[in-house]
Amino acid sequence: MTSSIQNISATTNNMKLQNDLLLRTLRGEQTERTPVWMMRQAGRYLPDYIKLREKYSFFERCETPELAAEITIQPVEQVGVDAAIIFSDILVVPKAMGLEVQLLEGKGPFLPDPIKQASDLNRIHIPDVQEKLGYVFDALRLTKKELNGRVPLIGFAGAPWTLLCYMVQGKGSKTFDDAKAFCYTQPETAHRLLQMITDTTIAYLKEQVKAGADVIQIFDSWGGLLSPADFENISLRYIRQIVAALKEEVLTIVFAKGAWHSLEGMAATGAHGLGIDWCITPALARQMAGPKVVLQGNFDPAKLLSPIPVIEQEVTQMLEAFGGYGHIANLGHGILPNVPVDHARAFVNTVKNYRHKA
């Protein structure tokens, strides 16, 4: 591991962490056990979150620091994860850039006036992130205070390609054909948009670090829709800029779902960790990513619907396949809303109770 990794402090805002397993693992240190957290752990499967969802709209939850902090901390207290991830959404960035974004319960995101051509870029801008996204930084600061050093706090943003998908398509999609066609037929405009998103994201994430984020994760949820060459041209070149701007200041994780073919290129960004889904074996992921980068994943979230003894067996097999050090246990994508809380807790407890053979 490089000296820059070792120089990233294990304390933030002068607060000593009681559980720094995640940070030590990302810095390349050997730890007494594998750290564990779950993507989308703050939210939809927890009964206490569902109560808040019934009282407040999605963006009210995101934009009210007290609510965001409460939701962020719920899985730490109720499931026992080794890290908190701030409750927010990747689409706060397009919203800050000037697009209307609606989150419809049960339907997902809807952007009623998406980007379709070069002239549409006049409707968006690189914002003052303090002015437009200050509520996220307030939520981070409040969460950091209320965690009181129990576990590290993860901040995040969407990768530029994934954000472009929503900004052009205007809604969720399994294929994002409109977004891909936009990049292929209007490449100059697409790259202008991607650079605007990148510049905004760098400023946004730097402020998250100042507000107390110990780790930053970049989510490229739709990276797997691109061929290896297109992933390099449309996604990775912009992720590379973001990691380069952050990696000396904070520990970074890149998760590009389905883009396992480009693990070598993602490792070369200098990110400290790479998330992988369940469609690649840990052995192949390690072979492609190399020996230095930490791997995160890769339990299929649907398997959390299995009986608890099956979950315990499958999680143990996953841990054995990763072979110990240099691994963060996680899901290969976000937790499903219908997962029972005791099943999520079984996942976490199995990891926490497992010890690798010397």
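Below, the structure is looked at part by part. Each chain carries its own residue numbering, running from 1 in the direction its sequence is written. Two thresholds apply to this predicted model, a pLDDT of at least 70 for residue-level local features and 80 or more for giving and counting side-chain atom pairs, whereas whole-chain, interface and lining totals are computed over all residues. Just so you know, side-chain values use all the structure's heavy atoms and leave hydrogens and water out.

### A word on the overall build of the protein
Point 1. Here a helix means four or more residues in a row that DSSP labels H or I, a strand means two or more in a row labelled E, and each is numbered from the N terminus. Helix and strand content of the protein: 15 helices and nine strands.
Point 2. For 358 residues, the compact-globule estimate of 2.2 N^0.38 gives 21 Å, and the C-alpha radius of gyration of the protein, at 19 Å, lies within 12% of that figure.
Point 3. In terms of its C-alpha atoms, the protein occupies a principal-axis envelope of roughly 60 × 45 × 40 Å.
Point 4. By residue count, 58% of the 358 residues in the protein fall in the buried class.
Point 5. Here, Shrake-Rupley sampling with a 1.4 Å probe gives the accessible areas, and only protein chains in the shown set may cover a residue. Here the protein has roughly 14200 Å² of accessible surface; of this, 50% comes from carbon and sulfur atoms.
Point 6. Distance between charge centres in the protein, computed from 36 positive and 38 negative side chains, equals 2 Å. Computation of the radius of gyration draws on C-alpha atoms, with the globule rule given as 2.2 Å multiplied by the number of residues to the power 0.38. Three exposure classes are used, based on accessible area relative to the maximum for each residue type with a 1.4 Å probe and protein chains only: buried under 20%, partly exposed in between, and exposed over 50%. Charged residues are defined here as Lys and Arg on the positive side and Asp and Glu on the negative side; His and the ends of the chain fall outside this count. To locate a charge, the coordinates of NZ of Lys, CZ of Arg, CG of Asp or CD of Glu are taken.

### Brief notes about the nonpolar core
Point 1. As used in this record, nonpolar core signifies buried Ala, Val, Leu, Ile, Met, Phe, Trp, Tyr and Cys residues forming a set joined through side-chain atoms within 4.5 Å. By size, the foremost hydrophobic cluster in this structure holds 127 residues, and its most contacted members are M38, L164, L193, L274 and F347.
Point 2. Ranked by the residues each element gives to this core, the list is headed by helix α10 (residues 187-210), at nine residues.
Point 3. Any two residues whose heavy atoms approach within 4.5 Å at even a single point are treated as in contact. Once residues lying within four places of it in the same chain are set aside, the contact partners of L274 are I253, V254, L263, M266, A267, A289, V293, V294, L295 and Q296.

### Description of the environment of Q195
Point 1. Of note, Q195 is situated in helix α10.
Point 2. Spatially, the C-alpha atoms of Q195 and Y238 are 7.3 Å apart, while their sequence positions differ by 43 residues.
Point 3. When residues no more than four places from it in sequence are discounted, the contact partners of Q195 are Y238 and Q241.

### Side note on the pattern of salt bridges
Point 1. For salt bridges, the criterion is a side-chain nitrogen of Lys or Arg within 4 Å of an Asp or Glu carboxyl oxygen. Within the structure shown, the criterion is met by 16 salt bridges.
Point 2. Ionic pairing is found between D48 and K51, a salt bridge with its closest N-O pair at 3.7 Å. Of this pair, D48 and K51 both sit in helix α3 (residues 47-55), three residues apart, which is roughly one turn of the helix.
Point 3. Judged by relative accessible area, D48 falls into the partly exposed class, the value being 30%.
Point 4. Overall, the relative accessible area of 51% leaves K51 in the exposed class.
Point 5. Counted as one network, the salt bridges with shared partners bring together D20, R24 and E32.

### Brief notes about the pairing of strand β6 (residues 251-256)
Point 1. Most of β6 sits out of view: six of its six residues are buried.
Point 2. The two faces of β6 match: L251, I253 and F255 on one face and T252, V254 and A256 on the other face are all buried.
Point 3. Think of it this way: DSSP has to see at least two bridges between two strands before they count as a pair. Where strand β5 (residues 215-220) and β6 come together, six bridges link them in parallel fashion. Following the sheet pairing, I218 is matched in β6 by V254.
Point 4. Alignment of β6 against strand β7 (residues 273-275), held across three bridges, turns out to be parallel.

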